[in-house]
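This is what each chain is made of:
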Amino acid sequence: MKNPINNNTYFNLIQPKIFNLLQYHISEDDPVRKLSAILVDMDFTKLLKVFSYKTKVHPVRMFAIILYAYSRGIYSTRDIENACLENIKFRFLLQDSTLPDHSTISRFLNKIEHLLPDLFEQFIKKIFKMEDISTDNIYIDGTKIEAYANRYSFVWKKSVKNYWNKLNDKIQALVLDFNQEFNSNLSSFFEIYHYLENLNINFVHGRGKRKSKEQKYFELCAEYLERYEKYSKHFQNLKERNSYSKTDIDATFMRMKDDYMRNGQLKPGYNLQIGVVSEYICAYDIFSNPSDSKTLIPFLEKIKLLDLNIKNIVADAGYESIDNYEYLEKLGYTSYIKPIYFEKLKTRKFKKDLNKVENLIYDYEENKLFRKDGLELKFLYSSKNGKRQYFFNPETQKTIGYNVKFRMLSKKSQENISSAYGKCLRMNRSIQVEGAFAVLKENMKLREQRCHTMMAFSIDRLDDIKTQYDVDMVETLISHVYAAYEYSDNSKLSSALYDLWNALVFDGKNIVGKENDLISALT
């Protein structure tokens, strides 16, 4: 007999007869019904390919309960399991399916991780179609998210470069000394290392024993080779960045708004970029670059793939750059990017300063630059690409760089945001994008979520220890519990986690047989 499989592309999520037999009532305008209406029209072909075998809970139903749980602020797999058991709206989505446990939900999430962008895109498009939402305006902004990485595991590009240069000097000196000592003509320390490696060297160690010249050079080459590989790996991980974390290679050290020490401490993190349309997050991406200006073009390239027919780009001053302006002009977008000096331009002091670049007047026909009082600045030279001209100010005796194209596009963007429609968009940007981040950070308790995530990791380690005790697992458990303590904002929870961490550090071996008690304490 052929086993049944999940092979239907579109799935009839709700079967009213089965649910109504239980005599429960959910109003027609309830969010769970709207969610069901959206999911029924989505294409789950890729999802069903992943679960081509028969499952206890149909994949579409599983996706529905997870999505609904997240919308209700329920993120823990154990909490979702309890909601399926106790909450009637979750039972409405499950219908007569078997109740899933937390491990089933966790495995499901791991398997569909690569499908989430496609499902997210479909979901957003269905909402826009259902609500008849215009996608002319998109509001873009970014925020820094602290990574799950050690704050003191930094690698700085500048330091690695200095060590690299010093190592190269030592290697060159080593090659010269070796060639003189052994009367050879080897060109690199790699050749020296391989040459010495093939010799039958009698290695000696300890006090009172003299090392041979061959052994000394071989050990020196081995040390330099180890450092060479170490620095090469650092450069490979750094790429174009100036830093990274050893415990999370993709994380970059950047300044965060949450500066508890008030010393400008750099922390490992990511730059989260979101695009909001009518209060819906329609696009998102994670960048390792702390600067917003360098993320706009790759982010808009990703948004282009969504085919949302965007016309107006609304963003704050952090996105102003000549590359971004030229990109928007090339693709026909209308720029509503706030210039960096937009607020300062309104002040009397700034307006009276005739030497400010923003207050200078450029003559496009004669390529001349003037102050408002008529003083002409002497032209010196142009940059190699011709985009930037340099002038000499006779009053201040300073050289001024003037990018004609940038000033023109910046002025045009300034005019756009100063119009009545532009003011409306600016006001909406602060409401919609900042509002979305407020939901992420406060309503969804992003910091608290870090704490719960580390607690979930701790529970997983305790489950492993129940099966087989391992010293490495205990050390990992201790680090997870301490991380949860660091991220916790709840004073009682912090105190309990700190006590648990102390107990594990000083009496870790005695947790055997008490794993279930610790799991219940963490949950």
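Here goes a summary of the coordinates provided.

Thresholds, definitions, all that
The numbering scheme is per chain: residues are counted from 1 as the chain's sequence reads. Given that this is a predicted model, residues contribute local features only at a pLDDT of at least 70 and side-chain atom pairs are listed and counted only at 80 or more, while totals for whole chains, interfaces and linings are drawn from all residues. Hydrogens and waters are ignored; side-chain quantities use all the structure's heavy atoms. Here, strands pair whenever DSSP counts at least two bridges between them. By definition, any uninterrupted DSSP run of H or I lasting at least four residues is a helix, any uninterrupted run of E lasting at least two residues is a strand, and each is numbered from the N terminus. Only the stretch in contact is used when a helix axis is fitted, and all axes are lines through C-alpha atoms; the angle between N-to-C directions ranges over 0 to 180 degrees. The contact criterion used throughout is that any non-hydrogen atoms of two residues lie within 4.5 Å. Multiplying 1.5 Å by the residue count of a helix minus one yields the expected span of that helix. Exposure classes here rest on a 1.4 Å probe applied to the protein chains alone. A residue is buried below 20% of its type maximum, exposed above 50%, and partly exposed in between. Reported orientations rely on four angle classes, namely roughly parallel under 35 degrees, roughly antiparallel over 145, roughly perpendicular from 65 to 115, and oblique for the rest. The crossing is said to be left-handed when, going from far helix to near helix, the turn is anticlockwise and less than a right angle, and right-handed when the turn is clockwise. Only Phe, Tyr and Trp rings take part, Trp by its six-membered ring, and two of them pair if their centres are within 6.5 Å. Stacked means planes under 30 degrees apart, edge-to-face means over 60, and tilted covers everything else. We call a charge positioned over a ring when the NZ of a Lys or the CZ of an Arg lies within 6 Å of the ring centre and within 35 degrees of the ring normal. Here a polar contact is recorded for every N or O atom pair within 3.5 Å, except that within protein the pair must consist of a potential hydrogen donor and a potential acceptor, and residues adjacent in sequence are included only if both atoms are side-chain atoms. By nonpolar core we mean a set of buried residues, namely Ala, Val, Leu, Ile, Met, Phe, Trp, Tyr and Cys, connected to one another through side-chain atoms within 4.5 Å.

Some remarks on the sheet that holds strand β13 (residues 398-403)
Across the sheet, five strands lie side by side as β9-β10-β11-β12-β13; this open sheet has antiparallel pairing. Looking along the sheet, the strands with just one partner apiece sit at the ends: β9 (361-363) and β13. With direction set aside, neighbouring strand axes in the sheet form an average angle of 35 degrees. Pairing of strand β10 (residues 368-370) with strand β11 (residues 376-382), which is carried by two bridges, proceeds in the antiparallel orientation. Residue pairing for β11: Phe370 is matched across the bridge by Glu376. Contacting β9, β12 (388-393) and β13, helix α15 (residues 404-418) crosses the sheet at an angle of about 60 degrees to β13.

Some words on helix α8 (residues 116-131)
Between the first and last C-alpha of α8 there are 22 Å, a value that for 16 residues agrees with the 22 Å anticipated at 1.5 Å per step. Among the residues of α8, those classed as buried are Leu119, Gln122, Phe123, Ile124, Ile127 and Phe128. Turning to α8, the residues buried within the fold contact α2 (31-40), α4 (59-71), β5 (266-277) and β6 (280-287). Looking one or two residues beyond α8, the residue adopting positive phi is Asp132, at roughly 55 degrees.

What to know about the side chain of Asn416
With respect to the secondary-structure elements, Asn416 resides in helix α15. Sequence-distant contacts of Asn416, that is, excluding residues within four places in its chain, are made with Thr334, Ser335, Tyr336 and Gly422.

Focus: the packing of α2 against α8
Where α2 meets α8, the axes come as close as 10 Å, and the angle between the chain directions of the two elements is 110 degrees. Classed by the angle they form, the pair α2 and α8 counts as roughly perpendicular. Once α2 is placed against α8, the crossing between them reads as right-handed. Taken together, the residues of α8 that come into contact with α2 (itself represented by Leu35, Ala37, Ile38 and Leu39) are Phe123, Lys126, Ile127 and Met130.

Quick word on the packing of aromatic side chains
Two aromatic rings, taken as a pair, are described by how far apart their centres are and by the angle between their planes. Counting across every chain of the model gives 29 aromatic pairs. The interplanar angle of 80 degrees and the centroid separation of 5.8 Å between the aromatic rings of Phe154 and Phe253 together place this pair among those described as edge-to-face. Remark: Phe253 occurs in strand β4 (residues 252-255) and Phe154 occurs in strand β2 (residues 154-156); sequence separation between them is 99 residues. The exposure class of Phe253 is buried, given its relative accessible area of 6%. Aromatic side chains Tyr163 and Tyr231 sit 6.1 Å apart centroid to centroid with 20 degrees between the ring planes, which places their arrangement in the stacked category. With Tyr163 in helix α9 (residues 157-182) and Tyr231 in helix α11 (residues 213-238), the pair connects residues that are 68 residues apart, well separated along the chain. In this structure, Lys302 packs its charged tip against the face of Tyr284, placed 5.0 Å from the ring centre.

Section: the environment of Asp363
By secondary structure assignment, the location of Asp363 is in strand β9. Each C-alpha atom, one on Asp363 and one on Val404, is 9.9 Å from the other, the two residues being 41 residues apart in sequence. Excluding its chain neighbours within four sequence positions, the residues that come into contact with Asp363 are Lys368 and Phe370. A polar atom in the side chain of Asp363 sits 3.4 Å from the backbone nitrogen of Glu366.

Some details on the nonpolar core
By size, the foremost hydrophobic cluster in this structure holds 60 residues, and its most contacted members are Phe44 and Ile140. When sequence neighbours within four positions are dropped, the list of residues in contact with Ile140 reads Gln273, Ile274, Gly275, Leu296, Phe299, Leu300, Ile303, Ile313, Val314, Ala315, Tyr319 and Val433. Counting residues in each nonpolar core, the second largest holds 21 residues, with Leu167, Leu196, Ile201 and Leu238 among its members.

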